Amino acid sequence: MFRLARFSLKKNLRRFSTGINRRIEDEGDWFYSSEWWRSDSSNGNTVFRGVSDKGNGVVTVLAHPSSKPDKRYWARTENWLEQRYAEIHPGHKANGKFRIGGYQWRTLHFNDETRQSTVKVMTAYREEEPGVVCFMQQPHCLAVPYVKSMISAGLTTIASCDYDLKNAILGKKKMNVLCVGHGGGSIPLFLASKIRGAVVDIVEIDPIVISASIKTMGFPSFSIMTPSGKRASLKPSHTDEILWKGIHERLLLYESDAEKFILESTNQYDIVFIDAYDGDDIFPHKLWDPHSPFLKTLGSRLHPDHGTVIVNLHSDVDLNIDAFNPFDLHVLPKGKYVSQVCRAYKAALLENRNSDNGFAYTISVPWVCNTSLVVCRGLSKSDGIADRDMIFNALISNSFEVEKLVDLPFSCLQYIKRGFTPVD
């Protein structure tokens, strides 16, 4: 979830992009945000609407046309779908050719106002069954800057430890991932598609959100788990098999309270992503209370040597355009709330341990008023002292390698270097 500073978006947005080397070939570049960003939820076609009893109010999904990819590239994807069908059903004659119906942005809203997440979805159908449409979320397309910030910081940080990210990407090493908060599912889907060794547990408290992501945002339906820890479906649908090529088998989506899930889990996680704001735009206190069972137990579920946690936080300082120079906003001021969350996570995950290693830092997210908090047990210290410059330089150096290994469509560096600040 994300929000903008309290000034005119249209008037000032481009002023804040100065110094960012954006890659326009990235379909999720902020350059395209005008296609899905609207001042209110009346713009766009409503494709889902439900009422939450978990604090998220009215949950809606709006659809907006996407200009990319261009139609001249659709035939390539249609051929890929035909090949996938032939692989799964060798010798079986297809019932008409696959056709791409188009691409759309789909935005998830709480209370008809708060934008929770944005994804790009491809629609496809068979010529002989045009009324039967399947939806595929485009996992490579991360539309919201804070998601790119979390991915960049998380993967670069764990790669800066002794963790073998390369073999995890190649599928030669398992990476245990936990995502707290699902939304449209862009983070878990991106990780599972880019890292073949990633097995991703996803925890979402609201069944309405899960339903929205599966039915209208193109998230694999086979991912849904039962309370007993088994798949809700005995086997994947033909659609999931064709579209996801095994990716869906490494996604496990649980309807559960995060605290309950972590208390009952026996897994040890290499990396954890937390983005759990509710319909009132509030990060639940029990997820950052230093005395809560959640934080205490999270510490025991995190790998002792390289465990890394990334938390999405909203700035709790209202930015007045007259009080700040827009070119200095690469470092967001932190209010009492954000500072407390940062200290709570650092204390729970790094302090009172036998190892001297560990470091916590924040980075600011461009274009939106979010901060990414990163707490890592594997970042080494020099003589027991966390050297800010040494760690920062290591992250900068490793960001290039991560970008290459993961084949990211955007630059890691632009997010890692932005307002890097150690947590006191």
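Below is a summary of the structure that appears in this document. (Residues numbered from 1 in each chain as written. Predicted model: local features only at pLDDT ≥ 70, side-chain atom pairs only at ≥ 80, totals over all residues. Heavy atoms only, no water.)

Working definition: an aromatic ring pair is given by the centre-to-centre distance plus the angle between the planes. All chains considered together, the criterion is met by 15 aromatic pairs. Relative to tyrosine 337, the ring of tryptophan 288 has its centre 5.7 Å away and its plane inclined at 75 degrees; by these criteria the two rings are edge-to-face. Taken together, the residues tryptophan 288 in the loop between β9 (271-274) and α9 (293-301) and tyrosine 337 in helix α10 (residues 336-350) connect sequence positions 49 residues apart. Overall, the relative accessible area of 12% leaves tryptophan 288 in the buried class. Both rings, one in phenylalanine 359 and one in phenylalanine 420, keep their centres 6.3 Å apart while their planes meet at 15 degrees; by these two values the pair is stacked. Of the two residues, phenylalanine 359 is situated in strand β11 (residues 359-364) and phenylalanine 420 in the loop between α12 (413-416) and β13 (421-422); the sequence distance between them amounts to 61 residues. The ring of phenylalanine 98 has arginine 126 sitting right over it, with the charged end atom 3.8 Å from the ring centre. Its end group placed over the ring of phenylalanine 392, arginine 388 keeps NZ or CZ at 5.4 Å from the ring centre. (Phe/Tyr/Trp six-rings, centres within 6.5 Å; stacked < 30°, edge-to-face > 60°. Helix = DSSP H or I, 4+ residues; strand = E, 2+ residues; numbered from the N terminus. Buried < 20%, exposed > 50% of the residue type's maximum accessible area, 1.4 Å probe, protein only. Lys NZ or Arg CZ within 6 Å of the ring centre and 35° of its normal.)

This part takes up the pairing of strand β2 (residues 58-65). Successive residues of a regular strand alternate their side chains across the two faces of the sheet. Within β2, six of the eight residues are buried, which leaves it mostly tucked inside the rest of the structure. Summarising the sheet, strand β1 (residues 45-51) and β2 pair through six bridges and their orientation is antiparallel. Looking across to β2, one finds that valine 51 is bridged to valine 58. Here β1 folds back onto β2, and the loop between the two strands holds six residues, one of which, glycine 55, carries a positive phi near 95 degrees. As paired strands, β2 and strand β3 (residues 98-110) are joined by seven bridges and run antiparallel to one another. The residue of β3 that forms the bridge with proline 65 is glutamine 104. (Pairing = 2+ DSSP bridges.)

On to the nonpolar core, then. In terms of nonpolar packing, the biggest core is built from 77 residues, with Ile151, Val177, Ile195, Phe273 and Tyr361 touching the most fellow members. No other element matches the seven residues that helix α3 (residues 145-159) contributes to this core. Apart from residues lying up to four places away in sequence, valine 177 is in contact with Leu191, Ala198, Val199, Val200, Asp201, Tyr269, Ile271 and Phe273. In terms of nonpolar packing, the next biggest core, distinct from the first, is built from 35 residues, Val311, Val338, Val341 and Cys342 among them. (Core = buried A, V, L, I, M, F, W, Y, C linked by side-chain atoms within 4.5 Å. Contact = heavy atoms within 4.5 Å.)

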